[in-house]
Amino acid sequence: MSDLVVDNVNLHYGAAQALRGVSIRAGAGKITCVLGRNGVGKSSLLRAVTGQHGVTAGKIAFDGVTLNGMAPFNRARAGIGYVPQGREIFPLLTVRENLETGYAPLPRKERFIPDEIFSLFPVLQTMLARRGGDLSGGQQQQLAIGRAMVTRPKILVLDEPTEGIQPSIIKDIGRAIRYLRDSTGMAILLVEQYLDFCRELADHVYIMDRGEIVHQGPAETLDTAEARRHLTV
Ligand SMILES: Nc1ncnc2c1ncn2[C@@H]1O[C@H](COP(=O)(O)OP(=O)(O)OP(=O)(O)O)[C@@H](O)[C@H]1O
């Protein structure tokens, strides 16, 4: 089973500690959401998972394989697809070229863009020759998810996919994430500040505050008042 297990992880930026004994699990065929306000460590958690930043204690494993010390491109090869905060689209490359950057971890015979991406996000097909920088924020988010899907991930890791995006596209993104869970059995791990999006979509919710997991449980039993308390500054 393609489960991600984060066990008792600490992460530091110099002397500043951003993660304190964080443990989460993101299971195959499930949407796992980590909720928290700005600066509590959500992006740091995803950086630890994707290998953008090393951990100072604890263990991260995917599919039974320990990831600690593994370079980001090898984590991509191991099946971890990453949709970073702010999308990180290449503005001067076309939509097609942006999608093709996802080929890097793939063997030659798998270097094509799966049709599924265009079924989920038809706008990408109509804009294949346009430059990434000309797309709206919502279209760029769809492109960033499409690019991660090109790598054929077993887990998709998304950093605030709703940030700065209009409601109609948030709905499309929610539908796409649900489709990926249900049709492929992919594990989905997303970090968010948007409580309603998380509650509607997630199977399991963690709440993070000041670098620690302070609550967790199935989405249907989430105490929304408590969640809101941790989300307001
Ligand atoms: N490169 C860095 N160097 C030093 N401190 C950092 C660095 N990146 C993040 N931090 C600090 O670590 C803490 C956690 O940041 P992180 O970006 O993980 O939070 P977040 O919950 O994702 O917030 P946001 O939604 O604003 O991205 C914050 O106090 C932040 O200032």
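Remember, predicted model here, so these are calculated numbers, not experimental data.

Visitor: When you look at the sheet that holds strand β6 (residues 80-83) in this model, what are you seeing that I'm missing?
Guide: In sheet architecture, strand pairing relies on hydrogen bonds along the backbone and comes in two forms, parallel and antiparallel. Strands sit in the order β6-β7-β8-β3-β9-β10 across an open sheet of 6 strands; the sheet is mixed. Each of the sheet's edge strands pairs with one partner strand only, and the pair in question is β6 and β10 (212-218). Strand-to-strand twist across the sheet, computed as the mean angle between neighbouring axes with direction ignored, equals 15°. Strand direction decides the pairing type here: strand β3 (residues 31-35) and strand β8 (residues 187-192), joined by 5 bridges, are parallel. Its bridge partner being in β8, threonine 32 is matched across the sheet by leucine 189. In the packing of helix α7 (residues 167-184) onto the sheet, the strands contacted are β3, β7 (155-159) and β8, and the crossing angle to β8 comes to about 155°. Against the sheet, helix α9 (residues 224-231) engages β3, β9 (204-209) and β10, with an angle of about 35° to β9.

Visitor: Explain the pairing of β9 here, please?
Guide: In regular strands, side chains alternate between the two faces of the sheet. In this structure, β3 lies alongside β9, joined through 4 bridges in parallel fashion. Counterpart to leucine 35 in the pairing with β9 is isoleucine 207. The pairing of β9 with β10 spans 6 bridges and is classified as antiparallel. By the bridge assignment for β10, aspartate 209 is matched with glutamate 212. If you look at the hairpin formed by β9 and β10, you'll find 2 residues sitting between the two strands, and arginine 210 has a positive phi there, around 45°.

Visitor: When you look at helix α1 (residues 42-50) in this model, what are you seeing that I'm missing?
Guide: Since one α-helical turn is 3.6 residues long, residues separated by three or four positions face the same way. Counting buried residues in α1 gives 7 out of 9 residues, a clear majority hidden from the surface. Along α1, the residues classified as buried are Lys42, Ser44, Leu45, Leu46, Arg47, Ala48 and Val49. Of the residues one or two after α1, glycine 51 is the one with positive phi, at around 90°.

Visitor: Explain the nonpolar core to me, please; I cannot follow it from the model alone.
Guide: One recurring pattern in soluble globular proteins: nonpolar side chains tend to sit buried together. Counting 65 residues, the largest nonpolar core has Cys33, Val49, Ile155, Leu156, Val157 and Ile188 as its most contacted members. Among the elements that line this core, the one with the most residues is helix α6 (residues 137-150), at 6 residues. Non-local contacts of isoleucine 155, meaning those with residues more than four positions away in its chain, are made with Ser2, Leu4, Ala26, Phe62, Gly79, Ile80, Gly81, Met186, Ala187 and Leu189.

Visitor: Which parts of the structure should I look at to understand the site of the ligand?
Guide: The ligand sits among Tyr13, Ala16, Ala18, Gly36, Asn38, Gly39, Val40, Gly41, Lys42, Ser43, Ser44 and Gln85. Listing elements by their share of the shell around the ligand, those giving two or more residues are β2 (16-26) and α1. The residue makeup of the shell around the ligand, split by class, is 4 nonpolar, 7 polar and 1 charged.

Visitor: What am I meant to see in the sheet that holds strand β1 (residues 4-13) here?
Guide: Strand order in the open sheet formed by 4 strands is β2-β1-β4-β5, with antiparallel pairing between adjacent strands. In this open sheet, the two strands that pair with only one neighbour each are β2 and β5 (65-66). Both β1 and β2 contribute to a ladder of 7 bridges, which runs antiparallel. Following the sheet pairing, valine 9 is matched in β2 by valine 22.

Visitor: Would you take a moment to explain the UniProt feature "domain: ABC transporter" (unreviewed entry) in the protein chain for this structure?
Guide: UniProt's feature table lists "domain: ABC transporter" (unreviewed entry) at residues 4-233, given in the numbering used throughout. Structurally, residues 4-233 comprises 34% helix and 27% strand, and the distance from its first C-alpha atom to its last is 30 Å.

Visitor: I tried to follow the environment of histidine 215 on my own but got confused; where do I start?
Guide: Mapping histidine 215 onto the fold places it in strand β10. On the basis of neighbour count, histidine 215 is assigned to the partly exposed category, with 15 C-beta atoms found within 10 Å. Between the alpha carbons of histidine 215 and leucine 35 there is a distance of 9.7 Å; along the sequence they are 180 residues apart. Other than its neighbours up to four places away in sequence, histidine 215 contacts Ile207 and Glu226.

About the cut-offs
Residues numbered from 1 in each chain as written. Predicted model: local features only at pLDDT ≥ 70, side-chain atom pairs only at ≥ 80, totals over all residues. Pairing = 2+ DSSP bridges. Helix = DSSP H or I, 4+ residues; strand = E, 2+ residues; numbered from the N terminus. Axes fitted to C-alpha atoms, helices over the stretch in contact; angles between N-to-C directions. Contact = placed C-beta atoms within 7 Å. Buried ≥ 20, exposed ≤ 12 C-beta atoms within 10 Å, placed from the backbone. Core = buried A, V, L, I, M, F, W, Y, C linked by C-beta atoms within 7 Å. Near = placed C-beta within 6 Å. Nonpolar A, V, L, I, M, F, W, Y, C, P; charged D, E, K, R; others polar. UniProt positions renumbered as here; feature names shortened; annotations may be inferred.

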